[in-house]
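The lines below spell out each chain.
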Amino acid sequence: MPRTLKVDLPGVPRIRALCSDSLGLIKVIETEGECGAPKVIARWGDPDPQQGVICMSLSRDQSPSLAVARKSSTVDVIDPVNGLLESRLVVPKSSAEVASSREASDAVCGLHLFSEKSPWGKAVLTCTELGDAVLQELSELNDEQHPKGDHILSRWNVSQTGTVLCMAVDESEQFAVFGGKGVDVSLWDIKNGSRIWNAKAPHRDNLGLMSPAWVTAVTFLNDGHRKVVVGTGHHQVRLYDTSSQRRPVLAFDYGEAPVRTITKDPDGFSVYVGTGAGDLACFDIRTGKLLGGFKGKCAGSIRSVVRHPTLPLIASCGLDRFLRIHSTKTRQLLGSLFLKQQLVAVLFHTTEEKPTSTNTTAQDVSTAHPLNIEPGTSSENGENASEKRKSKRQAEEDQQDKKEKKIRQKKKLGETEEDITTNGSKKTKKSKSKAEKAQRGDPEEVEQHPVLGVEKVKQAAEENEEVQVTNGEKTKKKKKRQTSEADGEGVTEIPSATNGEKAENPLKKRALEVFTSNGKGAKDQGSLIPVKKEMKKSKLRNQDTDLMVRTR
Amino acid sequence: MGKRQREEEQAFEQEEREADAHAGVILPSQIRNKCKRSEAYAKVKQEKKKIKKQKIKQRDAAEKEALELGEVPPPRKIPRTIENTREEDETLAQPDDEELQAEEGADEFSNYFKHDITPKVLLTTSQANSVPTRKFCQDLLTVIPNCFYYKRGTYNLKQIVKYAINREFTSIIVINENRKEPNGMLVVNLPEGPTAHFKLSSVVLSKSIKGHGKATRHQPELILNNFTTRLGHRVGRMFASLFPQDPNFRGRRAVTFHNQRDFIFFRHHRYIFESKEIKEKKEKLNKVDPKKAKEKKKQPKEEVIARLQECGPRFTLKMMSLQHGTFDSKYGEYEWIHKPDMDTSRRRFFL
């Protein structure tokens, strides 16, 4: 007897998703019960190809509203609970001269609906393919459902050439990033419409060729407006750190089809990448490693991926007319739904009170391992932190370069470090001293001892402290260090702090490995310690990193 | 044969019989000797055949009886095939679907179906091409009206697409070849796409079809079979848009795209309606009344039957991808692309 029935999918937990398509319809998808197949429970709008949806945006309020940009250059703001039109505005057209001289059209390519808490209240930021970014205030509807007038708060041009294809707004809703074909990534301050930062083309490749700018997807990471992840038409995913440099910090290829969509995960480091050939995968953006692909017979280009704010789910939709819901943990297909049209965008609508995603990550971390961060490391503020990061990076680069020398040095200096028993405490010392270095504002000193590597530097620094400085603060710190060594809890907690710091900070791969393993090491330490004790102290340093990678 | 030997043999046989009774029947596949095995197998097969024949006889008899008694004969069983045990597919297009109609009213082919444009097709080959491919193109030229063959030269496809759009072509067909055999077909709908890539196999040129006819210049009728899913609809519409919409029924030419298990079979026929006498077997039996027979012969019963003549070519297509927009294999976006994890069931079809 042949198998004639489909294998049932595991089912999706209770969710509510909104999916819009090329006919301008918005479909509300819900699952029945605690776990079931998703179903369309409502359809808003009438099928009209002129009203096709281009993008959607959900405001970050507690009771959010939904903005929908249509082909007809209108933006409808809808109540996502019942689909009633709240207000509507028309995106102003660019002047005919501009439009005629370029290939790009007046179509909207990016949309963001601001929450009420944002500096400009309820407003909508749109961007057209011509690069005309407009911040408009929402107005009440008059009788005939026409807007009373456009209340343009600010308007600026992102690019004089090329076609803008994507836009993203950061968590604080003060900065926007744009990119497109022939338009490299640029970060703008929405308030005064000024460009803060723009990317530089990456270096020539091994053939000496430059790839022209072609940004197809962009998103901020959960780190203010500093980290921007970008997908290109040349099937590349790039990470930009706007606070450090103009060239990508990290770039890697995925597949052979252009990247169509990129979505961040609230954990702050994984991103979901969807391509034009229907491949969907999850990457660790710190290292550029593929965490895994999402299967489920995705046949067509993926136009939109969203992560559920609380549950470990992602929804994807695209040209193959299916909405698919995957688990982010198992990367298994939980449910799929055929929605008849080519789908454009999908959003999760959660009515529950949810903290903003930056908060969630912070909370997650804190619930996982309650933090008692030392004053030195914890009191980071803005620039100071970035400085620290820089100095750390330098130090770590040095560490890589001078590895051999370091080892030699270790053998000599090993004696002094023997006092520090556990792995965790070493790390704390390291991070603390680094922080101290940075606070004192002498990264040169770190550079002065490149040979020593980070740990040596830290040591040296501490020795310096003892010799040179005899003021109260330093001794206090030292005492603290000792106390942290003394009680086991302090030891385990601190690595997680360094890990948190690291998560924000995309560094060289090796450095990251050390840190990520360190973070995990907090749990495994019990197993780590006995192994270490057996080893000779000189060897210990050598194998430190390797061992952690292994245990990971 | 000694007594002892005989006894041994008997004992052995008895043992065997006992074993038989114990374990049921020995299957032919359990016999190690090949000769014996094939013999045993032949026997099994024969028996099966017998049973089958008996069953058919019984069924026929039951039917006859029912008919004689004026009853409704029992319904015949439908054999199980791969197609009718196809996996349940939610993408099947419902003709009364409002959304489907709205979308098809506005898609890339809607202009064609509204009679706004007449198809004009550019036919070309891959850059390296050989005689068989060109001959195949020649055959295709006889099939598709308003179709123009262009030498490929060294132009790349994107250039050709631009060229064709400027000359108001509505589609481009590119025949790809491998080892001097046509093996791929690319159909680009202009000016906005989509682009479909098919694997081309089992090509039989008109000339090598026995008793083939020569196609006339009349505009053919088009038969699209079994394009049932949403994707199938789209592909079917794409094929439709290669041919003019007003067939010349005088020409009695029919072009068929028949989809079966995601393979699209292309056939090209000429048909004719002929009146034919019906042979009645019972006349011979009624030799008793020669007069009646003569009367009947004077007025032979006539029946109109359709006869087919194949014109060719014949080929089979299998869709590999459907790409959004005109040809851009590197940076294009796919609406549907075949992936290995789709092949996990033989009973899953997409068209």
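Residues numbered from 1 in each chain as written. Chains lettered and ligands numbered in written order. Predicted model: local features only at pLDDT ≥ 70, side-chain atom pairs only at ≥ 80, totals over all residues. Heavy atoms only, no water.

## Looking at the overall build of chain A
Scanning chain A for helices and strands turns up 12 helices and 30 strands. Taken over 552 residues, chain A has a buried fraction of 55%. A separation of at least 24 residues holds for 54% of the contacts in chain A among residues at least 6 apart in sequence. Split by element, the accessible area of chain A, about 24,200 Å² in all, is 48% carbon and sulfur. (Helix = DSSP H or I, 4+ residues; strand = E, 2+ residues; numbered from the N terminus. Buried < 20%, exposed > 50% of the residue type's maximum accessible area, 1.4 Å probe, protein only. Contact = heavy atoms within 4.5 Å. Areas by Shrake-Rupley, 256 points an atom, 1.4 Å probe, with all protein chains shown as cover.)

## Examining the pattern of salt bridges
Two side chains of opposite charge can pair, provided their charged atoms sit close to one another. What the rule picks out here adds up to 35 salt bridges over all chains. Asp320(A) is the partner of Arg324(A) in a salt bridge, and the nearest nitrogen-oxygen pair spans 2.8 Å. Each member of the pair, Arg324(A) as well as Asp320(A), carries the same accessibility label: buried. Connected via shared salt-bridge partners are Arg321(A), Glu103(B), Glu104(B), Asp107(B), Glu108(B), Arg230(B), Arg234(B), Arg237(B) and Glu335(B). (Salt bridge = Lys/Arg side-chain N within 4 Å of Asp/Glu carboxyl O.)

## Section: unusual backbone geometry
Residue and element names in this part refer to chain B. For the bond running from glycine 193 to proline 194, omega is -5°, close enough to zero to count as cis. Within the secondary structure, proline 194 is located in the loop between β4 (181–189) and β5 (195–204). Here the bond from glycine 312 into proline 313 is cis, since omega is 0°, no more than 30 degrees from zero. Positive phi values are uncommon outside glycine, yet asparagine 146 reaches one of about 55°. Positionally, asparagine 146 belongs in the loop between α5 (131–143) and β2 (147–149).

## Structural notes on the pairing of strand β10 (residues 314–324) of chain B
All names here are of chain B. For β10, the tally of buried residues reaches eight of 11 residues, placing the bulk of the element in the interior. Note that β5 and β10 share eight bridges and pair antiparallel. Bridge pairing links threonine 195 to glutamine 323 in β10. Pairing geometry for β10 and strand β11 (residues 333–337), over four bridges, is antiparallel. Paired with leucine 322 across the strands is tryptophan 336, a residue of β11. (Pairing = 2+ DSSP bridges.)

## Considering the interface of chain A and chain B
A common measure of how large an interface is: the accessible area buried when the components associate. On the chain B side, the residues contacting the 41 residues of chain A number 32 residues. Between Glu99(B) and Arg43(A) there is a salt bridge, and its shortest N-O distance comes to 2.7 Å. Taken together, the connections running from chain A to chain B amount to 18 residue pairs in polar contact (both at pLDDT 80 or more). Taken together, the residues of the side of chain A that touches chain B sort by class into 16 nonpolar, 12 polar and 13 charged. (Polar contact = N/O pair within 3.5 Å; in protein donor to acceptor, adjacent residues only side chain to side chain. Nonpolar A, V, L, I, M, F, W, Y, C, P; charged D, E, K, R; others polar.)

## Quick notes on α5(B)
One turn of an α-helix holds 3.6 residues; hence residues three or four places apart share an orientation. All names here are of chain B. When the terminal C-alpha atoms of α5 are compared, their 19 Å separation across 13 residues agrees well with the 18 Å that a helix rising 1.5 Å per residue should span. Among the residues of α5, Thr133, Phe136, Cys137, Asp139, Leu140 and Val143 are the ones counted as buried. Seen from one end, α5 has its buried residues packed into an arc of 160°, which puts them on one side. (Expected span 1.5 Å × (residues − 1). Arc of directions from axis to C-beta.)

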